[in-house]
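# Structural overview for review
Okay, here's what each chain looks like letter by letter:
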Amino acid sequence: MSEHKSEGYFMKVRRRILSSILTAGMVVALFQAVALGAPETISGSFTIDTENVQPDPTNPDAPPVSVEKENIYTVDEGAGTVTVRPGAKITLGGDASDYRIIVSGSAEPVPGAENGTVEITLDGFTCDRAPQKTNSGSGTGGTTTGGGGQDAGGTGGENQSGNDNSSGTDTGNEGQGSNPGESGDASGTGVNARAKEDGGSTIALQDNANVILYLKGTNEVKGGAGAAAVEVPEGNSLTIAQIEGAGSGKLTAVASGVDSDTTGSGAAIGGNAGQNSGSITINSGTIEASVDSDAQGSGAAIGGGANGSAGAITIKDGTVKATSRGDGAAIGGGSGKGASAITIENGTVTANAGGNGAAIGGGSDGGSGSIVINNGMVVANATGNGAAIGGGTRGGGGTVTIANGKVEATASGAGASIGGGNAGTGSTVMVTGGEVKANANIGGGEGATVQGSLTVRGTGTSVSLVKGTLSELIGGNITVEDGAEVLVEMDENVTVPRGQTLTIPANVTLTIASG
C-alpha cells in the first residue's frame, strides 16, 4: 500500500509540474501574439507587421506590451508615404508600388526602443517606382484613291497606353501611303499618365538614419527617374543581411533611368542623382543591383548617384552582382566621381561595367580611393574605358590591396585590369596572398604617364598577366618577394626599342607565344 500511495503522490506532482509548464507556454505564446499583433494591410497586398514592445506604463512589473502602430510608423495616403521612426522593427510584404518607405533619423523614437537603429525585414516585398513604359501601337489605315499623283492617307491605329495608366491618352496618327491607292501605315506613342518623374526611391534613408535591412524570400525594388532604388545618402548607414535560419534571402534593386530635370540617374543602392552615398555594408544574402541606363550621367549600381562619390562600401559575405551600363561604376562612384573605401571581406562578388566607369572603383573621371580584397571570389569585368579594378576613364587607380582569395580582373577597353582607366594613372598594388588573374596590364590605362607599382609577396601568392602590354607593365616598379611568382604571357612579338632595357625580375616568368 505504501508503495502504491508513493507512486500516486509522485504522479500528482508530475501532473502539476507539466500543467505549470504548459500554462507558462500558453502565456508566452499569448504574449507573443499580443506583442506582435496582426499585420496591417496598407493597400492591396501591401502589409506592415510590427515587433516593437515596451514596458507596461501602467504596471512596470508586468510583461511588456505592444507599442501602438502610430508610434512606430505613420501612413500618409495622400502623399503615398510610410514614415518609419527610429528604433522601429517592422516587416514589409506584398506590393507597395504606390508608396515610398521613408526612414527618418530625426523623427521621434519609438517608445521603449533600445536605440535608434531601424530593423526592416523584407518578406516577399516589391515596390516599383520606375517610370512606366508606354507600349506603342500601330495600325494600317484604309485606302483612298489619290488623284493627280497625290499620296493617299489612311487612319492610324490606336496606341496602347502604359501600364497602370488610368487616364493616359491614346493617340491615332494619320498614315500616309507613298503612292495613290496604297494603305497608310501608322504608329505612335501612347501618353502615359503615370510617368512618375517624381517616383522617388522605394526606401529612403534620411537625417542620419541607421537601418538594417533583413532579407527573407525574394524581394524587388525599382527607383524612379533620377532616384536610387534604395536611397542611402551621405551621413546615413545601411546594412543588408539575410535572416539566419530562414533560407536564402534575395534583393533585386534597379535604378530605372535618367530624370531630365536632374543630373542623371541614381544608384540602385546608394545616392540619388547628384548625391554622395553613405555607408553601405552587405553581411549576407543575394544582392543584384543594376542601373537601367547607359546615359553619360548615371549612378553606380552600388555607391554614388550620378555626379556623386561613394562612401564606405563593405561586403562581408553573400553573393553580390552589380551591373552598370553608363558612366557610373558597378561598385563605387557615380559618373564624374570616385570612391573612398571599398572592402571585400568574403563572398562571391561579380561586378560588370559597360561604360566609362570601373567595375570596382571610380566612375568616369573618378579615382578608386582604397580598395581592399581580403578573401572570397571576385570577378570584375570592364568593357568600356574604365579599369576592371581601379579608376574610371581618366581616373587614377589609388591603392589596391589583395590579401587572399581569387580575383579575376578583365578589361577589354582602354583601362587597366588593375589600375587606372583610360589615360588614368596606375595604382599602388600589393598582392600578399591568393590568386590574381589579369587579362591586361596592372598599371596605368592607355596613354597614362604614371604607371604605379606592383608588389607580390608570400609563398603561394601568384599573379598571372595574360595578353598584357609590356610597355605599361614594365613602366611601373615590380617587386616579387618571399616565394611569390608572377607569370606574364604574351601572344604577340615583343620589341625592345634601341637604347632601352627589358628587365625580368626574379620569380617573374615571361612567356611569348609567338615570335
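Everything numeric in this text was worked out from a predicted model, so none of it was measured. (Residues numbered from 1 in each chain as written. Predicted model: local features only at pLDDT ≥ 70, side-chain atom pairs only at ≥ 80, totals over all residues. Heavy atoms only, no water.)

When helices and strands are counted, the protein shows two helices and 42 strands. Each of the 515 residues in the protein was classed as buried or not, and the buried ones make up 47%. For the protein, the share of sequence-separated contacts (at least 6 apart) that also reach a separation of at least 24 residues comes to 72%. Carbon and sulfur atoms provide 46% of the accessible area of the protein, an area that totals close to 22600 Å². (Helix = DSSP H or I, 4+ residues; strand = E, 2+ residues; numbered from the N terminus. Buried < 20%, exposed > 50% of the residue type's maximum accessible area, 1.4 Å probe, protein only. Contact = heavy atoms within 4.5 Å. Areas by Shrake-Rupley, 256 points an atom, 1.4 Å probe, with all protein chains shown as cover.)

Take the sheet that holds strand S16 (residues 230-231) next. Across a sheet, paired strands are connected by hydrogen bonds in the backbone, their directions being either parallel or antiparallel. Read from one edge to the other, the open sheet built from 12 strands follows the order S5-S6-S8-S14-S16-S19-S22-S25-S28-S31-S34-S37, with strand pairing classed as mixed. Edge strands, defined here as strands with exactly one partner in the open sheet, are strand S5 (73-76) and strand S37 (442-443). With four bridges joining them, strand S8 (residues 100-104) and strand S14 (residues 203-206) adopt parallel strand pairing. Looking at S14, one finds that Ile-101 is bridged to Ile-203. (Pairing = 2+ DSSP bridges.)

A few words on the pattern of salt bridges. Enumeration according to the criterion identifies six salt bridges in this entry. Between Arg-325 and Asp-292 there is a salt bridge, with the nearest N and O atoms lying 3.1 Å from each other. A residue pair is termed long-range when its members are at least 10 positions apart, and Arg-325 in the loop between strand S24 (319-324) and strand S25 (331-332) and Asp-292 in the loop between strand S21 (286-291) and strand S22 (302-303) qualify at 33 residues. Exposure remark for Asp-292: the relative accessible area of 36% places this residue in the partly exposed category. (Salt bridge = Lys/Arg side-chain N within 4 Å of Asp/Glu carboxyl O.)

Take the packing of aromatic side chains next. Under the defined criterion, the tally for this structure stands at two aromatic pairs. A ring pair is formed by Phe-46 and Tyr-99, whose centres lie 5.8 Å apart and whose planes are at 45 degrees; its orientation type is tilted. One end of the pair, Phe-46, is in strand S2 (residues 46-50); the other, Tyr-99, is in the loop between strand S7 (89-95) and S8, and 53 residues separate them in sequence. (Phe/Tyr/Trp six-rings, centres within 6.5 Å; stacked < 30°, edge-to-face > 60°.)

Locating Gly-445 in the fold gives a position in the loop between S37 and strand S38 (453-457). In this structure the C-alpha to C-alpha distance between Gly-445 and Thr-393, which are 52 residues apart in sequence, comes to 8.2 Å. Residues within four places of Gly-445 in sequence aside, it is in contact with Ala-414, Gly-415, Ala-416, Gly-420, Gly-421, Ala-423 and Gly-424.

Moving on: the confidence of the model for the protein. Residues of the protein with pLDDT of at least 70 account for 71%, and the chain-wide mean is 79. With pLDDT under 50 throughout, residues 180-197 is counted as low confidence; its partners more than four residues away or in other chains account for 81 contacts. (pLDDT = per-residue confidence, 0-100.)

This part covers unusual backbone geometry. A negative phi holds for most residues other than glycine; trans holds for most peptide bonds. For Arg-394, which is not glycine, the phi dihedral falls at a positive 65 degrees. Looking at where Arg-394 falls in the secondary structure, it is placed in the loop between strand S31 (389-390) and strand S32 (399-402). A residue is classified by how much of its surface remains accessible, and Arg-394, at 52% relative accessible area, is exposed. Despite not being glycine, Ala-423 has its phi angle at roughly 70 degrees, a positive value.

A few words on the pairing of strand S36 (residues 435-438). The two faces of S36 differ: Val-436 and Ala-438 on one face are buried, but Glu-435 and Lys-437 on the other face are not. Bridge count for strand S33 (residues 406-411) against S36 is four bridges, and the pairing is parallel. Each bridged residue has a counterpart across the sheet, and for Ala-409 the counterpart in S36 is Ala-438.

For Val-463, the position within the fold is in strand S39 (residues 462-466). Judged by its relative accessible area of 2%, Val-463 is buried. Here the alpha-carbon distance between Val-463 and Val-431, two residues 32 residues apart in the chain, equals 8.0 Å. Other than its neighbours up to four places away in sequence, Val-463 contacts Val-431, Val-436, Ile-442, Val-456, Glu-485, Val-486 and Leu-487.

Let us look at the side chain of Ser-201. Relative to the helices and strands, Ser-201 is located in the loop between strand S13 (185-187) and S14. The exposure class of Ser-201 is buried, given its relative accessible area of 0%. Polar contacts involving the side chain of Ser-201 include one to the side chain of Glu-231, which spans 3.1 Å. Ignoring anything within four residues of it in the chain, the contact list for Ser-201 reads Arg-100, Arg-129, Ala-227, Ala-228, Ala-229, Glu-231 and Asn-272. (Polar contact = N/O pair within 3.5 Å; in protein donor to acceptor, adjacent residues only side chain to side chain.)

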